[in-house]
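# Fold and geometry: a report
Spelled out, the chains give:
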Amino acid sequence: MKDKLPFSLKLALKRQRARLTAIGKPLQETFADYQKRTNRSANKSFESSVIVFDDLIPTPDLDAGSKRMLLVLQILAQHYNTVFVYQRKNINPRYEQALWDEGVETVDLIYYKQLLRKQKFKVAIVSRPEMAQALFRPLRKLAPEMKIVFDTVDAHYRRLELEYQVTGDPDVLDRARLYRKIELDLVRESDILWSTSPADEASMIAEVPDKAVAIIPTIHPLHDRGLKFSERSGLLFIGNFNHTPNRDAVEFFVEQVLPLIRREIPDIYLDVVGSNAPAKIQEYASDVVRINGYVPDIEPLLYSRRVFVAPLRFGAGVKGKIGDALSYGLPVVTTDIGAEGMGFENGKQTLIANTPEEFANAVITLYRNEQLWQSLSDNGFTHIANYFSPQAVETAILKSLA
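Residues numbered from 1 in each chain as written. Predicted model: local features only at pLDDT ≥ 70, side-chain atom pairs only at ≥ 80, totals over all residues. Heavy atoms only, no water.

## Things to note about the overall build of the chain
Helix and strand content of the chain: 17 helices and 13 strands. Sequence-distant contacts in the chain: of pairs separated by 6 or more residues, those separated by 24 or more amount to 71%. Surface accessibility of the chain: about 18,000 Å² in total, with carbon and sulfur atoms responsible for 49%. (Helix = DSSP H or I, 4+ residues; strand = E, 2+ residues; numbered from the N terminus. Contact = heavy atoms within 4.5 Å. Areas by Shrake-Rupley, 256 points an atom, 1.4 Å probe, with all protein chains shown as cover.)

Right, dumping it as structure tokens:
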């Protein structure tokens, strides 16, 4: 298996492992000097401490995974001394300041060994397979009594397997096989698995049936509902284009679905919001397809567009963009992949369609039918409140850590 991997992928993984393995070695600046310089020290208001590892300080206005992590940290900080350890951070200091404002201590990954020698933690939550693969063994050695949670974010191998079914790209299949081995090994080595969806959970514990699992999905605070049906217009898509499923979704919708919709509703338009749009996506820009790039405040769009479209053809976990739209009362048309893990009934909380013709008909129907629109808006909003609000997910987090 390993020998069949593309050389570029093997080299990238080797460099990542070497970089993470080197982390924690003695530095010229002591850990005490670092804490003093950054004015950070552990909060002693709770009896127990939790340490969370992730690649990047959360940038919740840029991607759904960051928004989930920020809300998880907010919940943890209400019950534990919470320390967030990062490998990278955005150059804008406001993201780190947002964690400090929540009472979350932040520490650069290069200091994690010094931190664990100095402070006792009840639980380590390690997010994403690359981080977990590099850190599980040293964490066990440094703090053998500390429990380890593997937070998958999504099952990478499932996402890649579904991408291969759509694209047929053999390199994608190689990556799927690699991540399947990595992630299932990490499931075995962890004390508890955090999965974002029941489908990911079922797949990941099929070979480890006795593993303790908690479903920790994306988290969505409720918002004002915005304008009423008659005052809204247009379609909306939101997604970071570093994520391959988002690029494919927009290409599929613009090329195969939107022309069918415009036959019935000629004046309809689509707003596309998201960072890092590649050249092909940029080429769609017109009066009909508005490529907005990064938008600092997306609430005006969520308040005023009539239908949110999420035409995802592959992916894993639960889809934050859909939960966000419903938390504003904005009805959604999506696919089986987009709806996966969220407990929707087609026609009750969302409309679900997969082929270009079915998806176009669903958008047209919802765009024109005020009664259906209001029903989906109400039911979707209530569904998020019941299952994906901070209050609902807090219960699952605390139960899993108990």
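After presenting the structure, the write-up continues.
## Focus on helix H3 (residues 64-77)
Relative to the 20 Å expected for 14 residues at 1.5 Å per residue, H3 spans 20 Å between its end C-alpha atoms, a close match to the ideal helical length. In terms of burial, H3 is a largely internal element, 10 of the 14 residues being buried. Turning to H3, its buried residues number three or more, namely Ser-66, Arg-68, Met-69, Leu-70, Leu-71, Val-72, Leu-73, Ile-75, Leu-76 and Ala-77. Two or three places before Gly-65, at the start of H3, stands the capping residue Asp-63, its side-chain oxygen 3.3 Å from that residue's backbone nitrogen. (Expected span 1.5 Å × (residues − 1). Buried < 20%, exposed > 50% of the residue type's maximum accessible area, 1.4 Å probe, protein only. Polar contact = N/O pair within 3.5 Å; in protein donor to acceptor, adjacent residues only side chain to side chain.)

## Description of the packing of aromatic side chains
For the structure shown, the criterion picks out 6 aromatic pairs. Between Phe-237 and Phe-241, the aromatic rings sit 6.4 Å apart at their centres with planes inclined by 35°, giving tilted as the arrangement. Taken as a pair, Phe-237 and Phe-241 share a single burial class, namely buried. The lysine or arginine in question, Arg-225, covers the ring of Phe-381, its NZ or CZ lying 4.6 Å from the ring centre. The lysine or arginine in question, Arg-306, covers the ring of Tyr-367, its NZ or CZ lying 4.6 Å from the ring centre. (Phe/Tyr/Trp six-rings, centres within 6.5 Å; stacked < 30°, edge-to-face > 60°. Lys NZ or Arg CZ within 6 Å of the ring centre and 35° of its normal.)

## Observations regarding the sheet that holds strand S6 (residues 192-195)
Taken in spatial order, the 7 strands of this open sheet run S3-S2-S1-S4-S5-S6-S7, and their pairing is parallel. Unpaired on one side and paired on the other, strand S3 (105-108) and strand S7 (213-215) mark the two borders of the sheet. Strand-to-strand twist in this sheet, taken as the mean axis angle between neighbours without regard to direction, amounts to 20°. In the packing of helix H17 (residues 390-401) onto the sheet, the strands contacted are strand S4 (123-127), strand S5 (147-151), S6 and S7, and the crossing angle to S6 comes to about 165°. (Pairing = 2+ DSSP bridges. Axes fitted to C-alpha atoms, helices over the stretch in contact; angles between N-to-C directions.)

## A short note on the environment of Asn-246
Inspection of the secondary structure assignment puts Asn-246 in helix H10 (residues 244-264). By relative accessible area, Asn-246 is classed as buried at 3%. As a C-alpha pair, Asn-246 and Arg-313 span 67 residues in sequence and 9.1 Å in three-dimensional space. When residues no more than four places from it in sequence are discounted, the contact partners of Asn-246 are Phe-237, Gly-239, Asn-240, Phe-241, Leu-312 and Lys-321.

## As for the nonpolar core
One finds Leu-235, Phe-253, Ile-261 and Leu-270 to be the most contacted residues of the largest nonpolar core, which totals 61 residues. At 8 residues, H10 tops the list of elements feeding residues into this core. The contacts of Leu-235, once residues within four sequence positions are left out, are Phe-253, Leu-258, Ile-261, Ile-268, Tyr-269, Leu-270, Asp-271, Arg-305, Val-307, Val-363 and Tyr-367. (Core = buried A, V, L, I, M, F, W, Y, C linked by side-chain atoms within 4.5 Å.)

## Section: the pattern of salt bridges
For the structure on display, the rule yields 22 salt bridges. Close ionic contact of Glu-340 with Arg-158 constitutes a salt bridge, the shortest N to O distance being 3.1 Å. On the criterion of sequence distance, the pair formed by Glu-340 in the loop between helix H14 (336-339) and strand S13 (351-352) and Arg-158 in helix H7 (residues 156-167) is long-range, its members being 182 residues apart. The two residues Glu-340 and Arg-158 agree in class, both being buried. (Salt bridge = Lys/Arg side-chain N within 4 Å of Asp/Glu carboxyl O.)

## Regarding the pairing of S4
Burial analysis of S4 places 5 of its 5 residues in the buried class, which makes it a mostly covered element. Two elements, strand S1 (residues 49-56) and S4, share 4 bridges in a ladder whose sense is parallel. When the sheet's bridge partners are listed, Ile-51 is paired in S4 with Ala-124. Judged from the 5 bridges that link them, S4 and S5 form a sheet pairing that is parallel. Counted as the bridge partner of Val-123 is Lys-147 from S5. You can see the chain leave S4, run along helix H6 (residues 129-142) and come back into S5, and the turn it takes is right-handed. (Right-handed = clockwise from strand over helix to strand, strands pointing away.)

## Some remarks on the sheet that holds strand S8 (residues 235-238)
Read across the open sheet, the 6 strands follow the order S10-S9-S8-S11-S12-S13; overall the sheet is parallel. Strand pairing shows two members of the sheet lacking a second neighbour, strand S10 (289-293) and S13, which therefore form its edges. Pairing analysis gives 2 bridges linking S8 to strand S11 (residues 307-310), with the strands arranged parallel. Residue pairing across strands places Leu-236 opposite Phe-308, the latter belonging to S11. Across the sheet, H10 lies against S8, strand S9 (270-273), S10 and S11, angled at about 165° from S8, the strand it touches most.

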